[in-house]
Amino acid sequence: QVQLVESGGGLVQPGGSLRLSCAAPISISTINTMGWYRQAPGKQRDLVATITRGGSTYYKDSVKGRFTISRDNYQNTVTVSLQMNTLKPEDTAVYYCHIVVPGRDYWGQGTQVTVSS
């Protein structure tokens, strides 16, 4: 069983920044896409951003220009990060890392991001 380890959540004031990271013991050559979802209280889990093995990216409209997704690979461990700038209260949610490989996918345990003054 592959475990995704997330880090970087926390409490930040509106306008602030946070960086989320997710590390997985998977070779980047086997990955289709990596991404981040978020789920606010009482709402469904929504896609925030994705990045393919080749580096193509997708962003939810409401985070374009504020969030940046990136990936790194070192010794068969892949890391996908989400740099979040100019955070707004509506960005408050539990953020989940997601990795898709042929035949299945993997989820992180979730990390809380709270944007509040």
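The following refers to the structure shown. All values derive from a computational prediction rather than experimental measurement.

### Observations concerning the overall build of the protein chain
When its secondary structure is counted, the protein chain shows zero helices and eleven strands. Listed N to C, the secondary structure of the protein chain is β-β-β-β-β-β-β-β-β-β-β in terms of helices and strands. In terms of overall dimensions, the protein chain is globule-like: its C-alpha atoms have a radius of gyration of 14 Å, near the 13 Å expected for 117 residues. Projected onto its principal axes, the C-alpha positions of the protein chain cover 40 × 25 × 25 Å. Within the protein chain, the proportion of its 117 residues that are buried is 38%. Across the protein chain, contacts joining residues at least 24 apart in sequence account for 54% of those joining residues at least 6 apart. For the protein chain, the accessible surface area stands at approximately 6100 Å², while carbon and sulfur atoms represent 47% of it. Seen as two clouds, the 11 positive and the 7 negative side-chain charges of the protein chain have centres 2 Å apart.

### What about the pattern of salt bridges?
This model, assessed by the stated rule, comprises three salt bridges. The salt bridge partner of Lys64 is Asp61, with a shortest N-O separation of 3.1 Å. Judged by its relative accessible area of 63%, Asp61 is exposed. The residue Asp91 makes a salt bridge to Arg66 at a minimum N-O spacing of 2.8 Å. One end of the pair, Asp91, is in the loop between β8 (77-84) and β9 (93-101); the other, Arg66, is in the loop between β6 (57-59) and β7 (67-74), with 25 residues separating them in the sequence. Among the ionic contacts, a cluster of salt bridges with common partners joins Arg38, Arg66 and Asp91.

### A word on the pairing of strand β11 (residues 111-115)
Here β11 shows a clear split, with Thr111, Val113 and Val115 buried on one side and none of Gln112 and Thr114 buried on the other. Direction of pairing for strand β2 (residues 10-12) relative to β11: parallel, over a ladder of three bridges. Paired with Val12 across the two strands is Val115, which belongs to β11.

### Overview of the side chain of Arg66
Given a relative accessible area of 10%, Arg66 falls into the buried group. Contact partners of Arg66, with chain neighbours within four places excluded, come to Gln83, Met84, Asn85, Thr86, Leu87, Lys88 and Asp91.

### Looking at the environment of Gln13
Its location among the elements puts Gln13 in the loop between β2 and β3 (18-24). Between the C-alpha atom of Gln13 and that of Ser116, which follows or precedes it by 103 residues, the distance is 5.0 Å. Excluding residues within four positions of it along the chain, Gln13 makes contact with Val115 and Ser116.

### Focus: the packing of aromatic side chains
Tallied over the entire structure, the rule returns one aromatic pair. Above the face of the Tyr96 ring, Arg45 is positioned so that its terminal group lies 3.6 Å from the ring centre. Taking NZ or CZ as reference, Arg45 lies 4.7 Å from the ring centre of Trp107, over its face.

Rules used in this analysis
Once a new chain begins, its residue numbering starts again from 1 and follows that chain's sequence as written. Local features in a predicted model are, by the rule used here, given only for residues with pLDDT of at least 70; side-chain atom pairs are given and counted only at 80 or more, and totals for whole chains, interfaces and linings are based on all residues. Based on all heavy atoms of the structure, the side-chain values leave hydrogens and waters out of the count. For the purposes of this entry, the term helix denotes a DSSP run of H or I that reaches at least four residues, the term strand denotes a run of E that reaches at least two, and both are numbered from the N terminus. We compute the radius of gyration over the C-alpha atoms and compare it with the globule rule, which gives 2.2 Å times the number of residues raised to the power 0.38. Three labels apply to residues, based on accessible area from a 1.4 Å probe with only protein chains included: buried if under 20% of the type maximum, exposed if over 50%, partly exposed otherwise in between. We call two residues in contact whenever any of their non-hydrogen atoms come within 4.5 Å of each other. Here the Shrake-Rupley method, with its probe set to 1.4 Å, supplies the accessible areas, and only the displayed protein chains count as covering residues. Here the positive residues are Lys and Arg and the negative ones are Asp and Glu; neither His nor the chain ends is included. Charged side chains are reduced to one point each, which is NZ for Lys, CZ for Arg, CG for Asp and CD for Glu. The term salt bridge refers to a side-chain nitrogen of Lys or Arg lying within 4 Å of a carboxyl oxygen of Asp or Glu. Between any two strands, pairing holds if DSSP finds at least two bridges. For this analysis, a ring pair means two rings from Phe, Tyr or Trp (six-membered ring only for Trp) whose centres lie within 6.5 Å, classed as stacked if their planes differ by under 30 degrees, edge-to-face if by over 60, and tilted for the remaining angles. Counting as a charge over the ring demands two things of the Lys NZ or Arg CZ atom: a distance within 6 Å of the ring centre and an angle within 35 degrees of the ring normal.

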